[in-house]
Every structure is written in C-alpha cells, then in structure tokens.
Amino acid sequence: METETVKKKSMPKWLARALSFLGVTLGCILLVLLGVIWVLEKGPSPTVTETFTRSVRETSAIRWVSRIFLSEEELEAYKSVSSPTDEVKTVNTSLIHMAETVETVDEDDPGYELVEISEGTCKGKLLIVKDPKRVILGTSDNFGREPGLQMTAMVEKYGAIAGINAGGFNDEGGRGNGSTPQGLVIDNGEVTWGGNHTGGFHVVGLDYDGILHVGFMTVQQALDAGIRWAVSFETYDGLASALIINGEVQKHNLGGGVNPRTAIGQREDGALLLLVLDGRSISTLGATMRDLADIMLEYGAVNAGNLDGGSSSVMVYGGEIINNCASVVGPRRVPTAFLLMEEGDVDG
Amino acid sequence: MAEEITVKAAAPEKNARIWPLFLVCWAAALLLVGLVGCFVFYQYLGIYEVTRAETRMDELMEIMTAEDWLDKAAENLDFELSEFEDPDLLFAEYRQSLTTDQPLSYRSEKSESDSEHMLFVVRSGPSNLCRVELKAGDKRLPFGRHDWKLGRVSSGDITKSLSSVTVEVNAMEGQEIRLNDKALDEEYLTGKPLEIEDLSDIESRMDVVPMLMSYRVGPLYGDIHVSADGQELAAEKSGKTLRYRAVTGGTGSLTIRAPEDIRVTVGGAELTKKDVSDSSYALLEGLERYTGDAAFLTNTYSFTGLYTVPEVKAFDADGNELRPIMTGENAYIFFHPSDAAADEEDQKELDHLWDLAESYFDNYVKYTTRPFDSNLYYRLLSATLSGSQLQAYIAQSNAAMKWAANSTVEKQELHYDNLHRIGTDCYTCTVEFELDKTSSTWVEEVSSSEQNAEQMVFVRRGKYWFAAALAMIGD
C-alpha cells in the first residue's frame, strides 16, 4: 500500500508577522479614527459637530461617515427647513444700478479684475467683471447622454477668457460624469433641462440686462423674470443656493460644512463677482456657506448664490485652472459653467 | 538526551507566544496614544467652543439692540469726508436711512482679523450698522486659547454704503459759489473754462471774452446745497453728477449815449455804427438853427443779455478819456469835453456861460421847490429863450407850483461840467446834483432827496445868452 504524504505549504513566518503587524496597526488606527469621529460628532463643541457633519454630508463619497454615530433623527436636524416666506423672496432689480457708459475708455482696463482671496482659513480666487453682460452660461452637449466637460475644455469650447463651474449634477457616490444637470438649465433664454418639472428650482441666473437672480422659482417664473442664463443648485441637505437677496443674508441657507466652494454675486453697480474657494487641502479645508456670504458681502454683493462646490470647484483663466482643484483624480466634468467672454462676443 | 530534546522544542513555542504578546502590547500602546489623543482633542474642543469669538459675539448680540450698536458707533466715526461735509451730520443722516427693525446678524471680516483681534460687522437686514472689534481678554486658557472682550465699536467707512455724487458748478468769475455753506475756491476749478453758448456779440468782441468757470467736487455724500451769490441753485441730475448753473443766461444790460464823433469802447471793443441802436438829437431837437448840423447827433448803444459788467470808456478826437455821467446802473452818458483851448475872448464868454448856468439852475431849483414866487417866475422866463419848449414849460408852470408854508433846499452836491460849444451860437453843459428838500405845511413836514443830472443848452440871440433847453439826463 502506497501512502501519499501531503505536505502543507505554510506562509513564511516573516510575512505572517508583517501582515499581522500591519493589520493590528491599521485596526488600531481605525479605532482611533472612530474615536476622533466620535469626538467630532458627539464631542463638546456643537459648532465643530455641525461643521464636520455637514462637510461629510456634502461630500458624496464619504457621506456615510455622518451615520456612524449620529442617528437618523439627529441627522434630520441638518436638513434645510426654509419657511414659505423664504421661498418667495425675489431679487429687486431696481437695487442694481448699472454703471453708466464710461465716458473715457481706458484701453488698459480689460473690464475685469482677478483678486486673490485669503481671509482666515479661506483661500481662493475672485474674478470681478464690471460688465455683467459679458458673462454667459456655457454648457456641455447632449445633457444626460454625453459626459460633461472639464472646465478647461468648457472655456476652450466657447473661446472664453475665464470661467467657473456652475450648476449641480447627478453624482451618486461621487461617480457622476457631469452628464446630467441637477434641476434647471436655461441657455440663452431656452430651457434646455428641467423644463418638464412642475415645481420650483433654487435658481441662479442672469437676465437679459445682466442682473443676477437668485431664489426659488418655477421655470415659467424664471422665464417671466427675463432670465437668459440659469442653473440651479441645492445641497444634499436641501440648502438652497441663495446666499444674499437684496442685501439680506439668507440665514436659513447658511448651514453647510467646510468644503471647496463656488459662488456668484452681483454688486450694486452691476459688477459680477465670480468666486471660487479652495478646500480639502493642507492649506485650507474649505469654506462654509457663511464664509461665502461674508466674502460676498465684503466685496459689496447685493445678491449672491451658491453653486456646485467640492471637487467641482474650479476657476479657469488663461486656459489653466488657477485654483487648487480638490479632486484627487483630476478636474471633474461638469455640465454647466459661467464664462467670461471677450467684450462684444455676447449678442444682445 | 530526552531532556535536551524537550528544551529545544520549547524555544520556538516561546517565540511563538512573544509575537502575539508584542502585537497586543503594540495595539495597546497605539490605542492608549489614540485614547489620550482623543481625550486631549475632546478637551480642546470643549475649550474651543467657549473661546470662539463668535460665541462672544452671540452673547453680545443677545444684549445689544440696533440702537445700542449705533450709539456706540457714533462715538468712533471711521470715515473721512471733504471739507463740505460734516461727519456727525452725515452719520445722523445715514442712521436715519438704516433698517433697524429687522433681526440683527453679524459677519466676520476675516481679512482684518487675527488671533488677538477679531473684526465683525453687525447688520440689520441689508444694513451694515457698525464694525465691532473683539480683543483678546486677560483670561488665558490651555491650548493657547483666551477669552474675548469687546473692543472698539466704530461706524466703519459708511461712505461705501452711501451713494456718492460729483458736483459740477458753472459760474462766472467773481460769483461767490458756496457748497453746503462753504465757499468753493480755486482749488476746485477744473482748469477748463467753458465757452458761453449764447454770448452777445459785444461780449464776444471784448478783450477778455467772458467764460464760465467750472468747479468740480466729489465724491460727496449726503444732502447737497449749492448757492451762487446767496441764491440757492437747483441741480440737474445726470447719473451720479449733479450739475448747477450759477448763470442761466446773460441778464446784464448796458446803455451808452455819446455824441457820434466820440470813440466808445466796451471791454476794449470799439463800438461801431452797427452797434448803434438809436440816433437822435434828443433834447437838442428843434434847436438845429442854432447848432448847425450833425454835431448834435447823439448815438445810443443798448446791450442786453450780458454776462458781465464790462468797463466802458470814451475818448475825444485827441484821445483824451471822457468822464461819463451815470444815469443809472450801467447807463452812461458822454458829452463832448469842455473847450479847454479857448482863446481869451472865448474864455470870457465861457466864464459868462458858467455863471449863467449856475444862476439859471439855482433859480430853477428855488422856483420848483418853493411856493410860487412871481419874481423867480419872471426871472426864469426872462432868462429863457423865447419860443423854446423850455419857455413854454415854465410859462405854464405857475399854476402847478406847490404851495407850502416853508421850504428849504440843501445842496449836498452840485457839479457843473461839459460846457461845450455845439454850434455857432449854442453851448451845452451838464449839472449833476444831490439835493435834500424839505417842505413844511401846518399839517406835515415832507423831506426828500433827489440825485440826478440835467443837461442845459444855451443859445445866443444878439448879445445875450438864453437858456434854450433843460432836461433830465437819461429820461
């Protein structure tokens, strides 16, 4: 009788030890991280708890973190609760007094100014455009079927001087490709997305006179207001885009964590403020909605709206991204962007 | 041997137990460090929460009202204005315009804040009320944290929230322009005088053509009041510019009467026949047979719509400047100069005429200011050219003479001039006078003063000279 001896191959001891060391270390780090998250979510600082929770909830890829220690009831508190009166506020166009025709044309003045923002923990770029009619909405082709465009490509497509990302888009789990806009898109007076929706949108748009409109409105109301270019945006928790309406800060929309941000505002003299704030980096974690509103007010905004933030927050100028894009896998594709055009390049 | 084998087998077993023990210790150490870290972090967050500047601001917002903030801000006005604006007044105006009945909020001015000073802007609705500084307090806490105490509350630069205007004023040189009751001086001249569109022909020919001075001041905030020579001006608004016209059109006038052969200049511009608005013999009319011809022709130059009060000069044929008789504001009358180069015989005649003029006018004044005096009446008639209008006037005047118990005339000024031959048997002269007259009745005493000038004409008939005409100059 022949006996067959099966010899078991065992893992080398050094490898087993290395793996066990690594596993234990990672396990401990994970436990410590959980501890840190617990301190953030259940700790003694309501301010930090709110900021942290909102920050992760606004970030599609790590939204689940907020549910580790907080119950659904506790998370409900972070959802936007706007009153009916908040939703009917509209921009009073008479508060905007467009600068009169400049008597002496200064050839050295390009009509816009790029400002470096560094205020507290907020860092970013602000583009001030004197003539609001030079700003249009750029869009990618075939919403819902083709991916969006990276901002550099969007600026190139329109031959623009500069641009910032605009409206939100479907981004389940942070895997969206900018194909499907969120809410409403009005492109040169035509409703190109969201036209079938009977309810309202949190709109950020420009009318034919270059006046910025922010607020909750239906498609028809937007068209009746003469809006020529528009997008809409609201956060995961339903915070609306309106930051400032007629000089009044929209407090109910000022929740929001620390994240990269994009916003658009308008001064009393009609000049548009295109703002992008960095985040998710060592130098700056980002900005809250309150930070956005504060900076907008500091630069004289009478009306201002929040746009899509996070990894989408990008400003392109001179063909390059000039802020620190927070996306680790490169600039995201977006469906819409506000673009600064050369003088005379915009009809009407 | 067996014992040796046992010892050799136990060594790997012991080693096998040490590794898990190491892992346990390693994990315990890591967790301990993590736990301590979390504990410290927890402690830090506790202190962070109570030492946030925003927490202090929240406390202040609970106890301060909009008016409280504004009262404090009024003590520290942080804006600079031009000399034409009063900061306290402007702040009071600004305060009136603010919305103070809406919920208070604040925003941070991060660009002007640091770890020891935090700056906030307190708002009510859309209105900025004041800037609030929080300073690091004396209480020092772990982690380098500290409490905050209220620092300076100031208005901030409210001019950023106010609409500004630029004021432009067009005025003539010499006009006193006041902006918010302060005089506008040369500092605010734009240096570009403006042409006057509807300038009269005569002013456009003057040596110094009138131009409008152009003042520009701005930016200005608050109420604006502009006056020219004490008259409040109305503004024409164009965008952010308020334009004031201190001169809306030429309003000045000028009248000059001068013999045709007298050279007259207005602001250096010589008057020509085109400027003559009227030519007449005036009071010399009807005396041609004594005077000859054109020597009596008197030109009248009338100008209206003037922006300035130009200098008027007249010169005789030898270039001597003549003295005018002013018969009103900007009304000049020139006469031929007195005959200076008369020979001895003529001089006697001239002296006689001076005496005649003085005595005739003296009697005339007495006659017209006293109760009817037949002696004076006949004396005047006898000295007046027979058949002249003057004689007819005096002859018919006796019934019109005023009755008075007592009358006096005091001559404040009496000046005879311009005695000039204007024809073979004809002279003219002027008399300027200022008389204080008093007439008394049993009921009342009436006093009056009269300042005027008259032109007198004398005509020789035979050996004697007679007064042939007497008339107010400028009538």
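Just above sits the structure.
All of the points below concern the structure found in this document. (Residues numbered from 1 in each chain as written. Chains lettered and ligands numbered in written order. Predicted model: local features only at pLDDT ≥ 70, side-chain atom pairs only at ≥ 80, totals over all residues.)

Before going further, it helps to examine the overall build of chain B. A tally of helices and strands in chain B yields nine helices and 24 strands. Across the 475 residues of chain B, 27% fall into the buried class. Restricting the contact set of chain B to residue pairs at least 6 apart, pairs at least 24 apart contribute 64%. (Helix = DSSP H or I, 4+ residues; strand = E, 2+ residues; numbered from the N terminus. Buried ≥ 20, exposed ≤ 12 C-beta atoms within 10 Å, placed from the backbone. Contact = placed C-beta atoms within 7 Å.)

We now examine the overall build of chain A. Across its full length, chain A carries seven helices and 19 strands. Looking at chain A as a whole, 48% of its 348 residues qualify as buried. Taking all contacts inside chain A whose residues are at least 6 apart in sequence as the whole, residues at least 24 apart take part in 70%.

A few words on the nonpolar core. Of all hydrophobic cores here, the largest spans 83 residues; its most connected members are L184, A230, L243, I244, I264, M296 and L340 of chain A. Apart from the residues lying within four places of it in its own chain, the contact partners of L184 of chain A are W193, G194, F201, V203, V219, A222, A230, V231 and S232 of chain A. In this structure, I158, L179, Y307 and I473 of chain B belong to the second largest nonpolar core, which totals 43 residues. (Core = buried A, V, L, I, M, F, W, Y, C linked by C-beta atoms within 7 Å.)

Residue and element names in this part refer to chain A. Here strand 2 (residues 122-129) lies mainly inside the structure; six of its eight residues are buried. Where strand 1 (residues 112-119) meets strand 2, eight bridges bridge the pair, whose relative direction is antiparallel. Pairing of Y112 across the sheet is with V129, part of strand 2. The antiparallel hairpin formed by strand 1 and strand 2 contains two residues in its connecting segment, where G120 sits at a positive phi of about 60°. (Pairing = 2+ DSSP bridges.)

What follows is about the interface of chain A and chain B. Counting residues at the interface gives 30 residues for chain A, matched by 27 residues for chain B. Secondary structure elements with two or more residues in the side of chain A that touches chain B: helix 1 (13-42), helix 2 (46-58), strand 12 (248-249) and helix 7 (289-298) of chain A. For the side of chain A that touches chain B, the element with the most residues is helix 1 of chain A, which contributes 11 residues. Here the residues of the side of chain A that touches chain B sort into 14 nonpolar, nine polar and seven charged. (Nonpolar A, V, L, I, M, F, W, Y, C, P; charged D, E, K, R; others polar.)

All names here are of chain A. Within strand 9 (residues 212-217), six of the six residues are buried, which leaves the element mostly enclosed by the surrounding structure. The two faces of strand 9 match: L212, V214 and F216 on one face and H213, G215 and M217 on the other face are all buried. Where strand 8 (residues 201-207) meets strand 9, six bridges bridge the pair, whose relative direction is antiparallel. Paired with V204 across the two strands is V214, which belongs to strand 9. The turn linking strand 8 back onto strand 9 is made up of four residues, and G210 within it adopts a positive phi angle of 85°.

So, about the sheet that holds strand 2 (residues 117-124) of chain B. All names here are of chain B. If you trace the four strands from one edge of the open sheet to the other, you get 1-2-3-4, paired in antiparallel fashion. Each edge of the open sheet is held by one strand with a lone partner, namely strand 1 (104-108) and strand 4 (145-154). Looking at each pair of strands side by side, their axes are set apart by 35° on average, direction ignored. Pairing of strand 1 with strand 2, which is carried by five bridges, proceeds in the antiparallel orientation. Following the sheet pairing, L104 is matched in strand 2 by S124. (Axes fitted to C-alpha atoms, helices over the stretch in contact; angles between N-to-C directions.)

Turning our eyes to something else, we now look at unusual backbone geometry. Residues other than glycine predominantly adopt negative phi, and peptide bonds predominantly adopt the trans conformation. All names here are of chain B. Look at the link from G218 to P219: it is a cis peptide, with omega at 0°. With respect to the element layout, P219 can be found in strand 8 (residues 212-220). Not every positive phi belongs to a glycine, and F143 is a case in point at roughly 65°. Within the secondary structure, F143 is located in the loop between strand 3 (127-141) and strand 4. A positive phi angle, near 70°, is found at D181, a position not held by glycine. Position of D181 relative to the elements: it lies in the loop between strand 6 (177-179) and strand 7 (182-183).

With that settled, consider the sheet that holds strand 9 (residues 226-228) of chain B. Residues and elements named next belong to chain B. Judged by pairing direction, the sheet is antiparallel, and its four strands sit side by side in the order 7-6-9-10 without closing on themselves. The sheet is open, and its two borders are formed by strand 7 and strand 10 (231-232), each paired with just one other strand. Where strand 9 and strand 10 come together, two bridges link them in antiparallel fashion. By the bridge assignment, S227 is partnered in strand 10 with E232.

With that out of the way, let us pick up the environment of G200 of chain A. Residues and elements named next belong to chain A. For G200, the location among the structural elements is in the loop between strand 7 (190-193) and strand 8. Considering only alpha carbons, one finds G200 and S232, 32 residues apart in sequence, at a separation of 9.9 Å. When residues no more than four places from it in sequence are discounted, the contact partners of G200 are F216, M217 and T218.

Our focus in this paragraph is the environment of A331 of chain B. All names here are of chain B. Residue placement: A331 occurs in strand 20 (residues 331-333). Look at A331 and you get partly exposed, because 18 C-beta atoms sit within 10 Å. Residues A331 and L254, 77 residues apart in the sequence, show an inter-C-alpha distance of 5.9 Å.

Turning next to the environment of A183 of chain B. Residue and element names in this part refer to chain B. Assignment of secondary structure puts A183 in strand 7. Given 10 C-beta atoms within a 10 Å radius, A183 is considered exposed. Those residues within four positions of A183 in sequence are excluded, and the remaining contacts are E176 and R178.

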